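Tertiary structure, described
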Amino acid sequence: MDDQERLIAQRAVQMCDANVDWRNLRALTGGASRVSFTVDAISDGSRALVIQVARDQSEADMAIEADVLRNADAAGVPVPALVGQFVINDRQVLVSRHVAGNTVPRRIMRELDAESREALIRDVGSAAAALHTRCVRPQQLDEVDLLTTYIERLHASGWSRPVLEAAARMLERTRPRA
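To keep things clear, this report deals only with the structure shown in the data block.

Definitions and limits used
Residues numbered from 1 in each chain as written. Predicted model: local features only at pLDDT ≥ 70, side-chain atom pairs only at ≥ 80, totals over all residues. Heavy atoms only, no water. Helix = DSSP H or I, 4+ residues; strand = E, 2+ residues; numbered from the N terminus. Contact = heavy atoms within 4.5 Å. Salt bridge = Lys/Arg side-chain N within 4 Å of Asp/Glu carboxyl O. Buried < 20%, exposed > 50% of the residue type's maximum accessible area, 1.4 Å probe, protein only. Pairing = 2+ DSSP bridges.

Another aspect to go through is the overall build of the chain. The number of helices and strands found in the chain is 7 helices and 5 strands. Helices and strands in the chain line up, N terminus first, as α-β-β-β-α-β-β-α-α-α-α-α. Excluding contacts between residues fewer than 6 apart, the proportion of contacts in the chain whose partners are at least 24 apart in sequence is 50%.

Applying the stated criterion across every chain, the model contains 3 salt bridges. A salt bridge links D40 to R26, with the nearest nitrogen and oxygen atoms 3.3 Å apart. Within this pair, whereas D40 is found in strand 2 (residues 34–41), its partner R26 is found in strand 1 (residues 22–30), the two being separated by 14 residues in sequence. The salt bridge partner of E65 is R34, with a shortest N-O separation of 2.7 Å. Of this pair, E65 sits in helix 2 (residues 61–74) while R34 sits in strand 2; the two residues are 31 residues apart in sequence, bridging distant segments of the chain. Assessed through its relative accessible area of 26%, E65 is described here as partly exposed. A relative accessible area of 14% means that R34 is categorised as buried.

Looking now at the pairing of strand 3 (residues 48–54). In terms of residue burial, strand 3 counts as a mostly covered element, since 7 of its 7 residues are buried. In strand 3, alternate side chains face the same way, and those of A48, V50, Q52 and A54 on one face and L49, I51 and V53 on the other are all buried. Where strand 2 and strand 3 come together, 7 bridges link them in antiparallel fashion. Residue pairing in the sheet places F37 in a bridge with I51 of strand 3.

Here's what the structure looks like:
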């Protein structure tokens, strides 16, 4: 994370609600394409936000993700509430409510007992079914060939990933017709 990403996160918080006293901006984990922050709302007591900032200018997936969150919420799927989606200094920014919990799948599965794992699987299945049956497909997904986009990213990385290359070839061969 760099100073520019921190400044973008601060600006995004102000754009969400300039009348709230936001404090304790802190970095969370950073991935290959995004860096994440969290911040607390002091004046109204209980809100915390997560701010995700794209690491480069080409990250368009956040607009699609914002649409997916809106649609999922409208369909009754439990998702973090979307607070805002902005472009600041040519960087995509997604702001949502913070949801307490763990996001590391191995840790989640390791810490759950068998009954809780089964309940989690049922909950995820119910959420997936609700997304499939009640959500509107974001228009941006129709405008982008995601498989080609990700294959191009894989090739541009210069990394040799035989399993991903084999998977990409298989997906290209078995791609369903639109």
